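Here is how the chains run, residue by residue.
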Amino acid sequence: MKNFGPKSWMLPQPVLIIGTYDNDKNANAMNAAWGGQWDANEIVISMGAHATTDNLNRCPDFTVAFATVDTMIASDFVGIVSAKQDSQKIDRTGWTIIPSENIDAPIFKDFPMTLECRIKQKIDESDEGYYIIAEIINIVADERFLSENGLPDIEKMRLITYDPIHKGYIELGKRIGNAFCDGKRLK
């Protein structure tokens, strides 16, 4: 076994697109990899000092979309370009923006599934950013990405994960088993 020391290599890392509005109700988006489920109806995201962080300081509402093979280039773009330097950032993505019906934040229709969220708590707030704990208010999904049972179909979405080791994106694969079931074979 080879030792690497401490690294930010928790795998897989989601590619989360955080949507907010600025003071003038212009949509903004950023790419965040350090986030996950916090509780049954809550998520946690590590936020640095970004235009999105400024927007969240004004309004606690935001959306979280999951990047896909089809949205990968624009998703990477919103992670490397700040709205502080490029006010036309979202226009360059080509994404279609609609307002959420449940919170004060934009939904980007180009993604198969979006969480509509509201900040419940900020942790370790500093000039460098903070961690947010947010309540999931609602989940919206494009009907093209639903399975026969009417629920979101993860395989149809072609989600991507961030590879922090080689600094790339990898498409998630196919279903290989049944949770809370297959392990029973070892009982």
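Residues numbered from 1 in each chain as written. Predicted model: local features only at pLDDT ≥ 70, side-chain atom pairs only at ≥ 80, totals over all residues. Heavy atoms only, no water.

**Student:** Any chance you could break down the overall build of the protein chain for me, citing the residues and the numbers?
**Tutor:** Of the regular secondary structure elements, the protein chain holds four helices and 12 strands. A globule of 187 residues ought to have a C-alpha radius of gyration of about 16 Å, and the protein chain, at 17 Å, matches this closely. Taken along the three principal axes of its C-alpha coordinates, the protein chain extends 55 × 45 × 30 Å. Buried residues in the protein chain amount to 40% of all 187 residues. Approximately 11600 Å² of the protein chain is accessible, and the part contributed by carbon and sulfur atoms is 52%. Looking at charge distribution, the protein chain has the averaged site of its 20 positive side-chain charges lying 7 Å from that of its 27 negative ones. (Helix = DSSP H or I, 4+ residues; strand = E, 2+ residues; numbered from the N terminus. Rg over C-alpha atoms; globule rule 2.2 N^0.38 Å. Buried < 20%, exposed > 50% of the residue type's maximum accessible area, 1.4 Å probe, protein only. Areas by Shrake-Rupley, 256 points an atom, 1.4 Å probe, with all protein chains shown as cover. Lys, Arg positive; Asp, Glu negative; His and termini not counted. Charge placed at Lys NZ, Arg CZ, Asp CG, Glu CD.)

**Student:** Would you mind going over the side chain of S75 in detail, with residue names and values included?
**Tutor:** Within the secondary structure, S75 is located in helix α2 (residues 72–80). Once residues within four sequence positions are removed from consideration, S75 is found in contact with I17, N31, A67, W95 and F111. (Contact = heavy atoms within 4.5 Å.)

**Student:** Tell me what's going on with the environment of D22, and back it up with residues and numbers.
**Tutor:** Position of D22 relative to the elements: it lies in the loop between β2 (16–21) and β3 (27–32). The spatial distance from the C-alpha of D22 to the C-alpha of N55 is 5.4 Å, given a sequence separation of 33 residues. For D22, the side chain forms a polar contact with the main-chain nitrogen of D24, separated by 2.9 Å. (Polar contact = N/O pair within 3.5 Å; in protein donor to acceptor, adjacent residues only side chain to side chain.)

**Student:** Any details on the pairing of strand β10 (residues 129–141)? Residues and values, ideally.
**Tutor:** Here strand β5 (residues 42–48) runs beside β10; their pairing, made up of seven bridges, is antiparallel. From the neighbouring strand, S46 faces β10, where its bridge partner is Y131. Note: strand β9 (residues 113–126) against β10, 11 bridges, orientation antiparallel. Bridge pairing in β10 places E116 opposite N138. In this structure, the hairpin formed by β9 and β10 is closed by a connection of two residues. (Pairing = 2+ DSSP bridges.)

**Student:** I'd like to hear about the packing of aromatic side chains, residue by residue, with values.
**Tutor:** This structure, assessed with the given rule, holds four aromatic pairs. With a centroid separation of 5.2 Å and 55° between ring planes, the pair formed by W95 and F108 is classed as tilted. Note that W95 is positioned in the loop between α3 (89–93) and β7 (97–99) and F108 in strand β8 (residues 106–108), a separation of 13 residues in sequence. Taking relative accessible area as the criterion, F108 reaches 1% and is therefore assigned buried. One aromatic cluster is present, built from ring pairs that chain together W95, F108 and F111. (Phe/Tyr/Trp six-rings, centres within 6.5 Å; stacked < 30°, edge-to-face > 60°.)

**Student:** Give a description of the sheet that holds β10 that names residues and reports values.
**Tutor:** Read across the open sheet, the seven strands follow the order β3-β2-β6-β9-β10-β5-β4; overall the sheet is antiparallel. Looking along the sheet, the strands with just one partner apiece sit at the ends: β3 and β4 (35–39). On average, each strand axis in the sheet is tilted by 35° relative to the strand beside it, whichever way the strands run. Across five bridges, the pairing between strand β6 (residues 61–66) and β9 is antiparallel. (Axes fitted to C-alpha atoms, helices over the stretch in contact; angles between N-to-C directions.)

**Student:** Provide a residue-level description of the state of the cysteines, including the pertinent values.
**Tutor:** For the structure shown, the criterion picks out zero disulfides. In this structure C117 is a free cysteine whose sulfur lies 12 Å from that of C59, the closest cysteine sulfur available. (Disulfide = S-S within 2.5 Å.)

**Student:** Describe in detail the sheet that holds strand β1 (residues 13–14), supporting the description with residues and values.
**Tutor:** Here we have three strands laid out as an open sheet, ordered β1-β11-β12, and antiparallel in their pairing. Strands with a single pairing partner mark the edges of an open sheet, and in this sheet they are β1 and β12 (168–171). As defined by bridge partners, strand β11 (residues 160–163) adjoins β12 across four bridges and the pair is classed as antiparallel. In the sheet register, I160 faces β12, and the bridge partner there is E171.

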